[in-house]
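Commentary on secondary and tertiary structure
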Amino acid sequence: TAPDCPLIWVGLSSGNILVFRFSFGSSSGNGGVQIEPEPIILIGHGAKVNSICLSHAFGVAVSTSDDHKVIIWDINDLMYVRTIDDSQLPVSFG
């Protein structure tokens, strides 16, 4: 997650990304953190998600995968924006 972005992003080996919304509240028993039980599922990669990087300033998340794709996601609407495909090179964040 990123500051001021109440989302937890989880990349899976299936290629899917789970996005959980959370908030800080006064709920007793869980330290005041409330996580929505049902995640939003983002589908785009065909192989294990290696990394996810968020930019709250630009309103995007960028994910990389073993399928050699870089996918840009809109973090406000939690929707697909575009794919950058380069099957000749491995993709990862340094």
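Further remarks concern the overall build of the chain. Per the secondary structure count, the chain includes zero helices and eight strands. Helices (α) and strands (β) of the chain occur, in sequence order from the N terminus, as β-β-β-β-β-β-β-β. Of all 94 residues assigned to the chain, the portion counted as buried reaches 33%. Sequence separation of 24 or more characterises 33% of the internal contacts of the chain that already satisfy a separation of 6 or more. For the chain, the exposed surface amounts to about 5,800 Å²; the carbon and sulfur share of it is 56%.

Regions with low pLDDT carry predicted coordinates that are not meant to be interpreted in detail. Within the chain, residue pLDDT values average 85, and 81% of them lie at 70 or more. Across the chain, the element-wise mean pLDDT spans from 82 in strand S3 (residues 33-35) up to 97 in strand S4 (residues 40-42).

This part is about the packing of aromatic side chains. Counting across every chain of the model gives one aromatic pair. Relative to Tyr-80, the ring of Trp-73 lies with its centre 6.0 Å away and its plane at 80°, an arrangement referred to as edge-to-face.

Right, let's get into the nonpolar core. Within the largest apolar cluster, 13 residues are counted, with the highest numbers of intra-cluster contacts made by Trp-9, Ile-17, Val-19 and Trp-73. Looking at this core, the elements with two or more residues in it are strand S1 (7-11), strand S2 (17-24), strand S5 (49-55) and strand S7 (69-74). For Trp-9, the contacting residues outside a window of four places in its chain are Ile-17, Leu-18, Val-19, Leu-42, Ile-52, Leu-54, Ala-61, Trp-73, Ile-75 and Leu-78.

A few words on the side chain of His-45. Note that His-45 resides in the loop between S4 and S5. The buried category is assigned to His-45, whose relative accessible area is 5%. A distance of 2.7 Å separates the side chain of His-45 from the side chain of Ser-63, its partner in a polar contact. There is a polar contact of 3.4 Å between the side chain of His-45 and the side chain of Asp-67. Other than its neighbours up to four places away in sequence, His-45 contacts Ser-14, Gly-15, Ile-17, Ser-63, Thr-64, Ser-65, Asp-67, Lys-69 and Ile-71.

All right, on to the sheet that holds S5 then. Read across the open sheet, the four strands follow the order S5-S6-S7-S8; overall the sheet is antiparallel. The open sheet has two edge strands, S5 and strand S8 (79-85), and neither has a second partner. Shown here is a sheet whose adjacent strand axes are inclined to one another by a mean of 20°, direction ignored. Pairing analysis gives five bridges linking strand S6 (residues 60-65) to S7, with the strands arranged antiparallel. Bridging across to S7, Val-60 finds its partner in Asp-74.

Calculation rules
- Every chain is numbered independently, its residues counted from 1 as its sequence is written.
- Totals for whole chains, interfaces and linings use every residue, but because this is a predicted model, local features are given only for residues with pLDDT of at least 70 and side-chain atom pairs only at 80 or more, for both listing and counting.
- By convention in this description, side-chain values take in all heavy atoms of the structure and omit both hydrogens and water.
- Every helix listed is a DSSP run of H or I at least four residues long, and every strand listed is a run of E at least two residues long, numbered separately from the N terminus.
- Burial status follows relative accessibility: with a 1.4 Å probe on protein chains alone, a residue under 20% of its type maximum counts as buried, one over 50% as exposed, and anything between as partly exposed.
- Working rule for contacts: check all heavy atoms of both residues, and any pair within 4.5 Å makes them a contact.
- Each accessible area is a Shrake-Rupley result for a 1.4 Å probe, and residues are judged covered by the shown protein chains and nothing else.
- pLDDT is defined as a per-residue confidence score from the predictor, taking values between 0 and 100.
- Two rings from Phe, Tyr or Trp (for Trp, the six-membered ring) form a pair when their centres sit within 6.5 Å of each other. Planes less than 30 degrees apart are called stacked, planes more than 60 degrees apart edge-to-face, and all others tilted.
- Residues grouped as a nonpolar core are buried Ala, Val, Leu, Ile, Met, Phe, Trp, Tyr and Cys residues, joined through side-chain atoms within 4.5 Å.
- What qualifies as a polar contact is a pair of N or O atoms within 3.5 Å, subject to a donor-acceptor requirement within protein and to the restriction that residues adjacent in sequence count only when both atoms come from side chains.
- Only strands joined by at least two bridges in the DSSP assignment are considered to pair.
- The axes used here are C-alpha line fits, helices contributing only the stretch in contact, and every angle between their N-to-C directions lies in the interval 0 to 180 degrees.

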